[in-house]
Amino acid sequence: GTVARVTTGGVVPLGADAVVQVEDTELVSSTAQGEEDTIRILASVAPGTDIRPVGSDIAKGEVLLPAGSQLFAAELGLLASQGVSSVEVHSKPRIAIISTGNELVSSGTQLSSGQVRDSNTPALCHLVTEDGYHVSHITHLPDSLDHVVTGLKKALGEADIILTTGGVSMGECDYLKEALPLLGATVHFGRVHMKPGKPTTFASLPTGQLYFGLPGNPVSAMVTYKLFVLPALRVWEGREPGPSVMSVKLPETRVLDPRPEYVRAVYNNGAVYVTGGQCSSRLLSMRSANLLLKLPPQSDVLKTVERGSAVQAMIIGSL
């Protein structure tokens, strides 16, 4: 019989119906020019071996990528393979992060009486960046209506979504809810029946920009970011809001709160454990946490959830 050399990815010569890998052949003789003249085939092959028929990778009319797909390495390679050099995409939102409160100082500052180091800004900046978004504006605003209005106006000029921490509760120095209508914002809710995160506030502006007022307690700020902000960021860029949820067994008996509660926990090699005290100011409860265990509110018939009960867990980190 006759054979012809073909490189990987090359067109199979007319009449050939199988490819034998070069390592399964032995050179018997060569021409004066050094080309193979006679070879011995050391392996038997069936018709069609190592041949990719035209259209076998992608059928005619097959959808390459459905709308809303994220573009990673494989998706970009797939588009390039079909000659697609550009596609329309959703733009990622620009995020502003604003801390509020006269008591806050930066992390490197020596504390005076009544002062608190700002942990929310670095924590939220990392969460936003970790989730693939860009922080375009960072500032701190003192407890003054004029400062709050001016600061929000500046942030709205540099970002699509505004995140503030603190200043949305019922205190006499909490000015954010008073400032929002002055900017033309519509407040959709200003309290949420949940623990932690009761003061969480959400508003929208006529420009399409969004505002999330997160609580000042650091755990509350991080939990409400995961529950409210991150799904909104995903929807903004055309993705499903999530979150990913799994069922786990409660590692300890828990007395229920009157509000639905999100308990911080760690999943490790099939085991689940709660991260200690769940006070909303205790950042240690978020350390290494990759789950939020959703517990139902207390009722007349349900006061506790027993150890070993199945509960829903929202995945907030790598498992």
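Here, every reference points to the structure presented above.
Procedures and definitions
- Residues numbered from 1 in each chain as written.
- Predicted model: local features only at pLDDT ≥ 70, side-chain atom pairs only at ≥ 80, totals over all residues.
- Heavy atoms only, no water.
- Helix = DSSP H or I, 4+ residues; strand = E, 2+ residues; numbered from the N terminus.
- Rg over C-alpha atoms; globule rule 2.2 N^0.38 Å.
- Buried < 20%, exposed > 50% of the residue type's maximum accessible area, 1.4 Å probe, protein only.
- Areas by Shrake-Rupley, 256 points an atom, 1.4 Å probe, with all protein chains shown as cover.
- Lys, Arg positive; Asp, Glu negative; His and termini not counted.
- Charge placed at Lys NZ, Arg CZ, Asp CG, Glu CD.
- 1 Å grid on protein atoms, 1.4 Å probe; cavity = no way out; pocket = protein on both sides within 12 Å on 5 of 7 lines; lining within 4 Å.
- Points joined across faces, edges and corners; volume = space filled by probe spheres on them.
- Pairing = 2+ DSSP bridges.
- Axes fitted to C-alpha atoms, helices over the stretch in contact; angles between N-to-C directions.
- Polar contact = N/O pair within 3.5 Å; in protein donor to acceptor, adjacent residues only side chain to side chain.
- Contact = heavy atoms within 4.5 Å.

A. Broad picture of the overall build of the protein chain. Across its full length, the protein chain holds five helices and 17 strands. Against the compact-globule benchmark of 20 Å for 319 residues, the protein chain has a radius of gyration of 30 Å, which places it well outside the compact range. Its C-alpha atoms give the protein chain principal-axis dimensions of roughly 95 × 50 × 45 Å. Looking at the protein chain residue by residue over its 319 residues, the buried ones come to 35%. Roughly 18,500 Å² of accessible area belongs to the protein chain as shown, and the carbon and sulfur atoms make up 53% of that amount. Computed over 25 positive and 30 negative side-chain charges, the separation of the two mean positions in the protein chain equals 11 Å.

B. Fine view of the layout of surface pockets. Computed from the structure, the largest pocket encloses a volume of approximately 1,200 Å³. Every residue lining the largest pocket is counted, 34 residues in all, and those nearest its centre are Ala 4, Arg 5, Val 6, Val 19 and Val 20. Put simply, the parts of the chain that give the lining of the largest pocket at least two residues each are β1 (25–30) and β2 (36–41). In this structure, the second largest pocket encloses a volume near 450 Å³.

C. Spatial organisation of the sheet that holds strand β3 (residues 94–100). Spatial ordering of the open sheet is given by β6-β3-β7-β10-β9-β8, a layout of six strands whose pairing is mixed. The open sheet has two free edges, formed respectively by β6 (134–141) and β8 (186–189), since each of these has just one partner strand. Shown here is a sheet whose adjacent strand axes are inclined to one another by a mean of 20°, direction ignored. As judged from the five bridges shared by strand β7 (residues 161–165) and strand β10 (residues 210–214), these two strands associate in the parallel manner.

D. Quick look at the side chain of Thr 275. Within the secondary structure, Thr 275 is located in the loop between β14 (271–274) and β15 (291–295). Looking at Thr 275, its side chain comes within polar contact range of the main-chain oxygen of Arg 264, at 3.2 Å. At 2.6 Å, the side chain of Thr 275 and the backbone oxygen of Ser 285 are in polar contact.

E. Local environment of helix α2 (residues 120–130). Listing the buried residues of α2 in full gives Asn 120, Thr 121, Ala 123, Leu 124, Cys 125, Leu 127 and Val 128. The secondary structure elements touched by the buried residues of α2 are β3, β6, β7, β10 and α5 (218–236). Following α2 by one or two positions, Gly 132 has its phi on the positive side, about 95°.

Everything listed here is a matter of coordinates, which is why it stays silent on function.
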